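Commentary on secondary and tertiary structure
Letter by letter, the chains look like this.
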Amino acid sequence: MSNTLSYSSITKKIWMSLFGLFLMTFLVVHLSINLLLLFDPSRELFNIAAHFMGTNPLIQIFQWVLFAGFGFHIILGVILQIQNWMARPKGYKVKGTSEDSVFSKYMIYTGMIIFVFLIIHLGNFFVLKMQGDVPEFHQPGAGEMEDMGLLVVNLFRNTGYVIFYVIMLLLMGFHLDHAFQSAFQSLGLTHNKYTPFIKGLGHFYSIVITAGYIIIPLIIYFR
Amino acid sequence: MDLKLKIWRQQGPDAQGKFVEYLVQNISSDASFLEMMDILNEELVAKGEEPVAFDHDCREGICGMCSLYINGRPHGPDTAITTCQLHMRKFKDGETVVIEPWRAKPFPVIKDLMVDRSAFDEIIQAGGYVSVNTGGVPDANAIPIKKENADLAMDAAACIGCGACVAACKNASAMLFVSAKVSQFALLPQGRVEANNRVENMVAKMDVLGFGNCTNTYACEAVCPKEISITNIARMNREFFVAKIS
């Protein structure tokens, strides 16, 4: 039965969880760098961090691991969802009223919206950087580097973009809220003592991450 | 009490079904839901119409035969019961009650509200058993079993295979059923011998039959008449992972 390894529903769910947890750790690293913009309005700290992330050889390799993580998580999510739709070709007249997690019902939709946001986000920063269209950062003693912080600050002064960004991040928060405890369930990591803690930690994580990302454009906009 | 029923009628597996409205009057609030259906059917027979086909057997909540998706919930608006244990006092006088069959690709409609649940039998045949060689009867107390595990195995074994979990799941996933059947053996030493093959074969069969994937919404646990816990699904995931890497 070893050939079922690649195809079974549980295998797909286990990989989905592992990639999801990996992406959650990335969100923490990304947020910690973004927060430097609040602690240092001169943007020097943020630019140093962005320069390090953009030039360190290890990070450059890891960047492709991250892209692969996103790719596999998205592809698996789409495959699982298509199978789920196929499993019930004819739906019910009366919508289900069983008690269940609200956010869990919309994971594919919040996931698709996050994917669109990811494309726009990469276009706003990553592509510009790859094309060398980012202005230089001039600060005495800081060395030569790109002013990535200026790109961020300029975008976060645009009312439309800030509203769009906040809505996108809220939807990502909904996605994360279900995802955290769901990953542990899919990996079979449940326990009478620890599962309530994991569920609590999942809510805490999703709220802190979402609030952390949202507060940055709001402060920059109103600063 | 008087009720307006909207019932799914379908002549056969390949027929085009539709909802048909019926009025039932003077139903006692102490009647069970299936008794109400019996009254409706008697009226239909008296009028020369075909009665509504629905599954039922023991009417004591233990056989797993009754089904019915009532007003958006398998086994109707109550918790930890089967449809045969549902009483009409759970409904309001004059209420409209929509009755549908379980909806899932592996559960095709046979007629009206009856669905073919033999997909569950196929999953059991794939590994939901302990192979026993004939010979002397072993002493019941020869193998010590932790009380905690015995209780968990017994809880899992309470699954009656009604299919409410599949019916409630937005993905028509059978994970709660399969995990209960895997767990009841995985927790006991007698079941450990074939544990790896069992979980692999039962999950493979579940996938082949076309059940959906688990999204951890836990709607299955909420509607299960035997309150099978979703911790069984986590146990099955663990069992499956260990079986695959070993």
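This text goes with the structure placed above it.
I will try to describe carefully the structure that is included in this document. The structure displayed is predicted, hence computed values, not measured ones.

Details of the overall build of chain A
Check the secondary structure of chain A and you find 8 helices and 2 strands. By principal-axis analysis of the C-alpha atoms, chain A measures approximately 65 × 40 × 40 Å. For chain A, the proportion of contacts with a sequence separation of at least 24, taken over those separated by at least 6, is 77%. Carbon and sulfur atoms make up 73% of the accessible area of chain A, which totals about 12200 Å². Chain A carries 13 positive and 10 negative side-chain charges, and their two centres are separated by 21 Å.

A look at the interface of chain A and chain B
Counting from both sides, the interface comprises 41 residues of chain A and, opposite them, 51 residues of chain B. With both sides pooled, the region where chain A packs onto chain B buries about 3600 Å², and carbon together with sulfur makes up 52% of that total. Of all residues in chain A, A:Ile10, A:Tyr92 and A:Gln185 bury the most surface against chain B, accounting for 18% of the area lost on that side. Applying the counting criterion to the chain A and chain B interface returns 0 salt bridges. Where chain A touches chain B, the interface holds 22 residue pairs in polar contact (both at pLDDT 80 or more). For the side of chain A that touches chain B, the elements supplying multiple residues, two or more each, are helix H1 (9–34), helix H4 (57–86) and helix H7 (159–186) of chain A. Looking at the side of chain A that touches chain B, its residues break down into 12 nonpolar, 21 polar and 8 charged.

Some thoughts on the sheet that holds strand S3 (residues 69–70) of chain B
Residues and elements named next belong to chain B. Taken in spatial order, the 5 strands make up an open sheet running S2-S1-S5-S3-S4, and their pairing is mixed. The open sheet has two free edges, formed respectively by strand S2 (18–24) and strand S4 (73–74), since each of these has just one partner strand. Sheet topology places S3 next to S4; 2 bridges connect them, and they run antiparallel. Along S4, the bridge assignment pairs Tyr69 with Pro74.

Points about the packing of aromatic side chains
According to the stated counting rule, one finds 22 aromatic pairs over all chains in the structure shown. Between A:Tyr92 and B:Tyr69 the ring centres are 3.4 Å apart and the planes differ by 5°, which places this aromatic pair in the stacked class. Placement of A:Tyr92 in the loop between H4 and helix H5 (107–131) and of B:Tyr69 in strand S3 is noted, with the two residues assigned to different chains. Taking 5.0 Å as the distance between ring centres and 90° as the angle between the ring planes, the aromatic pair formed by A:Tyr221 and A:Phe222 counts as edge-to-face. Under the relative-accessibility criterion, A:Phe222 is labelled exposed at 64%. Through successive ring pairs, a cluster of aromatic residues spans A:Phe117, A:Phe156, A:Tyr161, A:Phe164 and A:Tyr165.

Digging into the nonpolar core
By size, the foremost hydrophobic cluster in this structure holds 48 residues, and its most contacted members are B:Phe107, B:Ile123, B:Val166, B:Val178 and B:Phe211. Breaking this core down by element, the ones donating at least two residues are H1 of chain A together with helix H2 (118–125), helix H4 (164–168), helix H5 (175–186), helix H7 (195–209), helix H8 (219–223) and helix H9 (231–245) of chain B. Of the residues forming this core, the biggest block, 6 residues, is contributed by H5(B). Looking at which domains feed residues into this core, each of domain 1 (3–110) and domain 2 (118–245) of chain B gives three or more. Residues in contact with B:Val166, not counting those within four places in the same chain, are A:Arg88, B:Ala104, B:Phe107, B:Phe120, B:Ala172, B:Ser173, B:Ala174 and B:Phe211. Membership of the second largest hydrophobic core comes to 39 residues, among which are A:Ala50, A:Met107, A:Tyr161 and A:Leu171.

Analysis parameters
Residues numbered from 1 in each chain as written. Chains lettered and ligands numbered in written order. Predicted model: local features only at pLDDT ≥ 70, side-chain atom pairs only at ≥ 80, totals over all residues. Heavy atoms only, no water. Helix = DSSP H or I, 4+ residues; strand = E, 2+ residues; numbered from the N terminus. Contact = heavy atoms within 4.5 Å. Areas by Shrake-Rupley, 256 points an atom, 1.4 Å probe, with all protein chains shown as cover. Lys, Arg positive; Asp, Glu negative; His and termini not counted. Charge placed at Lys NZ, Arg CZ, Asp CG, Glu CD. Buried area = accessible area lost by both parts, 1.4 Å probe. Salt bridge = Lys/Arg side-chain N within 4 Å of Asp/Glu carboxyl O. Polar contact = N/O pair within 3.5 Å; in protein donor to acceptor, adjacent residues only side chain to side chain. Nonpolar A, V, L, I, M, F, W, Y, C, P; charged D, E, K, R; others polar. Pairing = 2+ DSSP bridges. Phe/Tyr/Trp six-rings, centres within 6.5 Å; stacked < 30°, edge-to-face > 60°. Buried < 20%, exposed > 50% of the residue type's maximum accessible area, 1.4 Å probe, protein only. Core = buried A, V, L, I, M, F, W, Y, C linked by side-chain atoms within 4.5 Å. Domains from an automatic or database assignment.

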